[in-house]
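Each chain is listed here by its residues.
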Amino acid sequence: MDIQIIVTIIAGLLLAVSALGTIYPVLPGSMLAIGTLLGWAWILGSSASWTMGIIGMAFAAIGWSASAVLTGRNLKKQQIPSRSIIVAVICGIVGMFLIPVVGLFVGFGAGLLGMEFARRKDFGAALRSSGSALRATGLGILVEFGMVALASSMWVIGVLWHFFWR
């Protein structure tokens, strides 16, 4: 079997994992997509692979950046301190082991709400600020997922271009 076909199959699997990684943040997501597209383009070395690989890497980088900006801006707007985020992340990691599949999200949300309640001493205000932060995080995840999906679509176009017109 041709090395280019093997590399392309592996790249497709890694792009699927990267799309999962944008939804389930334990996996590297956008970073994996960028690395995969770079490696695929480099090994295939055709104009098709480089063109679509670079476009795909740009989409993944935009999604990664947009996710960070959307989430970070909302956390600053809600004046949620780093300490609350750190505790929420720790609770998310604990939740991941206690509740299969959704534990990361449940633990993160519960940890953030708990820290915000401890800080604000008002459950309504804590619920509003942590809810807003979780919505922003969800929107960031959705944007990042969409951009990695778009990057993967560029890879598919590159695969078709490379293998049908070589």
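See above for the structure.
Please read these numbers as outputs of a predicted model, since none were measured by experiment.

Asker: Quick one: what's the story with the overall build of the protein chain, residue by residue and with numbers?
Answerer: Each helix and strand in the protein chain was counted, giving six helices and zero strands. Order of helices (α) and strands (β) in the protein chain, N terminus to C terminus: α-α-α-α-α-α. For the protein chain, whose C-alpha radius of gyration is 19 Å, the value lies well above the compact-globule estimate of 15 Å for 166 residues. Over its C-alpha atoms, taken along the principal directions, the protein chain stretches across nearly 65 × 30 × 20 Å. When the 166 residues of the protein chain are sorted by exposure, 39% land in the buried category. Considering only intrachain contacts with a sequence separation of at least 6, the fraction spanning at least 24 residues in the protein chain is 66%. Entry remark: accessible area of the protein chain is about 9100 Å², with carbon and sulfur atoms responsible for 77%.

Asker: Just give me the short version of the layout of surface pockets, but keep the residues and values in it.
Answerer: One number sums up the size of the largest pocket: a volume of about 660 Å³. Taken together, the elements giving at least two residues each to the lining of the largest pocket come down to α1 (3-23), α3 (47-77), α4 (82-98), α5 (103-120) and α6 (123-164). The leading source of residues in the lining of the largest pocket is α6, at six residues. Its residues placed into classes, the lining of the largest pocket shows 18 nonpolar, nine polar and one charged.

Asker: Lay out the environment of F97 with the relevant residues and their values.
Answerer: For F97, the location among the structural elements is in helix α4. Measuring from C-alpha to C-alpha, the distance between F97 and I54 comes to 37 Å, with 43 residues separating the pair along the chain.

Asker: Quick rundown of α4? Include the residues and the values.
Answerer: Here α4 is 17 residues long and its end C-alpha atoms lie 24 Å apart, about the 24 Å a rise of 1.5 Å per residue gives. Along α4, the residues that are buried comprise S84, A88, G92 and G95. The buried side chains of α4 occupy one side of the element, clustering within an arc of 80 degrees when seen end-on. Seen from the open side of α4, the exposed residues pointing more than 90 degrees away from its buried face are S82, R83, I86 and F97. As for α4, its buried residues are in contact with α5.

Cut-offs and rules
Residues numbered from 1 in each chain as written. Predicted model: local features only at pLDDT ≥ 70, side-chain atom pairs only at ≥ 80, totals over all residues. Heavy atoms only, no water. Helix = DSSP H or I, 4+ residues; strand = E, 2+ residues; numbered from the N terminus. Rg over C-alpha atoms; globule rule 2.2 N^0.38 Å. Buried < 20%, exposed > 50% of the residue type's maximum accessible area, 1.4 Å probe, protein only. Contact = heavy atoms within 4.5 Å. Areas by Shrake-Rupley, 256 points an atom, 1.4 Å probe, with all protein chains shown as cover. 1 Å grid on protein atoms, 1.4 Å probe; cavity = no way out; pocket = protein on both sides within 12 Å on 5 of 7 lines; lining within 4 Å. Points joined across faces, edges and corners; volume = space filled by probe spheres on them. Nonpolar A, V, L, I, M, F, W, Y, C, P; charged D, E, K, R; others polar. Expected span 1.5 Å × (residues − 1). Arc of directions from axis to C-beta.

Honestly, it's all geometry; don't read function into it.
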